[in-house]
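Spelled out from the first residue to the last, the chains are:
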Amino acid sequence: MPEQNDQVYKFVSLSNYSFKKRVLIRVIDVAFFSFIKILGRLSRFEIQGLERFDSIISDGKLPILAVWHDRILLSGYFWQKRGIGVLISQSTDGEAIARSSQRLGYGVIRGSSSRGGAQALADMVRAMENGLPMSMTVDGPRGPRYVAKIGSVSLAKKTGNPILPFVIEPKKIWTLKSWDRMQIPKPLSRAVVIIGQPIYVAKDASSAEVEAKLGELQTSLDDLVERGKAWSGRLT
């Protein structure tokens, strides 16, 4: 990995936070990291389409992983230690999640797609130019649920790298009463990882073509969710 990306794997200083917030960040960091590791180790994965990820790498490109926000827990475990970058907001909670992500082997880009989005996009472009694949929750950080936003398509256009949509669907779940209805897999549940077809966006794509690619991403993720539900037996 190029030296320019070394910083994304390093904890930032907490000196600007109060003592109480420093303690809180460290507690949330370790708790969330431990929670992800336990969830993952208690899950059994069936994988469909991993060759699409490998093919992108072998072709000299970098994937932009795209997933819905409600599936980030098992996603964080499944893709760990692959040198993938994630965008995380600059806040107290964000700092804790950033540290947990770095413990899992992710590179962290600090910023927000909804606040200062242009700078966040520029930072992700720079990271990919330095060899870092990216992962994005395309309906995050606050929804609407299951509505794909333009960020991953813009990143694909600027870098020439493909979007790789995927879902992870556990057989048995608890669902939180959050905006995204976060999925928590029940212990010892099986889970399917379904990786879709890569989506390429031309660097000279027009606004209409960009919108069409966003629609393609939306359709792909919707279809992957339906396939996951059919596999789990929750399809209605």
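About the criteria used
- One numbering rule holds for all chains: residues counted from 1, following each sequence as written.
- Residues qualify for local features only when their pLDDT is at least 70, as the model is predicted, and side-chain atom pairs are given and counted only at 80 or more; totals for whole chains, interfaces and linings, by contrast, use all residues.
- Only hydrogens and water are set aside when side-chain values are computed; all heavy atoms of the structure are taken into account.
- Whenever a helix is involved, its axis is fitted only over the stretch in contact; in every case the axis is a line through C-alpha atoms, and angles between N-to-C directions fall within 0 to 180 degrees.
- Here a strand is any run of E in DSSP of at least two residues, a helix any run of H or I of at least four, and the numbering for each starts at the N terminus.
- In what follows, roughly perpendicular refers to angles from 65 to 115 degrees, roughly parallel to angles under 35, roughly antiparallel to angles over 145, and oblique to any angle outside these ranges.
- Take the far helix as your reference; a near helix turned counterclockwise from it by less than a right angle gives a left-handed crossing, and one turned clockwise gives a right-handed crossing.
- Any pair of residues with heavy atoms lying within 4.5 Å of one another is described as a contacting pair.
- Side-chain classes follow a simple rule in which Ala, Val, Leu, Ile, Met, Phe, Trp, Tyr, Cys and Pro form the nonpolar group, Asp, Glu, Lys and Arg form the charged group, and the remainder, Gly included, forms the polar group.
- Salt bridge, as applied in this entry: a Lys or Arg side-chain nitrogen positioned within 4 Å of an Asp or Glu carboxyl oxygen.
- Two strands pair under a simple rule: DSSP has to find at least two bridges between them.
- If the strands point away from the viewer and the path from the first strand over the helix to the second runs clockwise, then the crossover is right-handed.
- Grouping into patches uses exposed residues only, defined as over 30% relative accessible area, and leaves out salt-bridged ones; the cut-off is 9 Å for like charges and 5 Å for nonpolar side chains (Val, Leu, Ile, Met, Phe, Trp, Tyr).
- Method for areas: the Shrake-Rupley scheme with a 1.4 Å probe, in which residue coverage is limited to the protein chains shown.
- What is meant by a nonpolar core is a set of buried Ala, Val, Leu, Ile, Met, Phe, Trp, Tyr and Cys residues, joined one to another through side-chain atoms within 4.5 Å.
- Only protein chains enter the accessibility calculation, which uses a 1.4 Å probe; a residue is then buried when its area is under 20% of its type maximum, exposed when over 50%, and partly exposed in between.

With that settled, consider the packing of helix α5 (residues 117–129) against helix α6 (residues 151–159). Helix packing geometry: the angle between the two helix axes and the distance between the axes. Packing of α5 against α6 brings their axes to within 10 Å, and their N-to-C directions diverge by 45°. One element, α5, and the other, α6, form an angle in the oblique class. Of the two elements, α5 crosses α6, and the hand of that crossing is right-handed. Contacts between α5 and α6 involve Leu121, Met124, Val125 and Met128 from the former and Gly151, Ser154, Leu155, Lys158 and Thr159 from the latter. Split by residue class, the contact of α5 with α6 holds five nonpolar, three polar and one charged.

On to the pattern of salt bridges, then. Applying the stated rule across the entire model yields 10 salt bridges. Here the salt bridges share partners, and the residues they tie into one network are Asp70, Arg71, Arg145, Glu169 and Arg234.

The next point concerns the pairing of strand β3 (residues 85–88). Here β3 pairs with strand β4 (residues 107–110) via four bridges, running parallel. By the bridge assignment for β4, Ile88 is matched with Arg110. Assessed by its sense of winding, the connection that carries the chain from β3 through helix α4 (residues 92–103) to β4 is right-handed. Where β3 and strand β5 (residues 134–137) come together, two bridges link them in parallel fashion. Each bridged residue has a counterpart across the sheet, and for Gly85 the counterpart in β5 is Met134.

On the surface, Phe19, Val23 and Val27 cluster together into a nonpolar patch covering about 300 Å² of accessible area. With respect to the helices and strands, Phe19 occurs in helix α1 (residues 19–41).

So, about the nonpolar core. Ranked by internal contacts, the top residues of the largest apolar core, which has 34 residues, are Leu155 and Leu217. Mapped by element, the contributors of at least two residues to this core are β2 (64–67), α5, β5, α6, β6 (163–170), β9 (190–195) and α7 (207–232). When neighbours within four sequence positions are excluded, Leu155 is seen to be in contact with Ile64, Leu121, Met124, Val125, Met128, Met134 and Met136. Core analysis: the next-biggest nonpolar cluster, separate from the first, contains 26 residues, Phe53, Val67, Trp79 and Leu104 among them.

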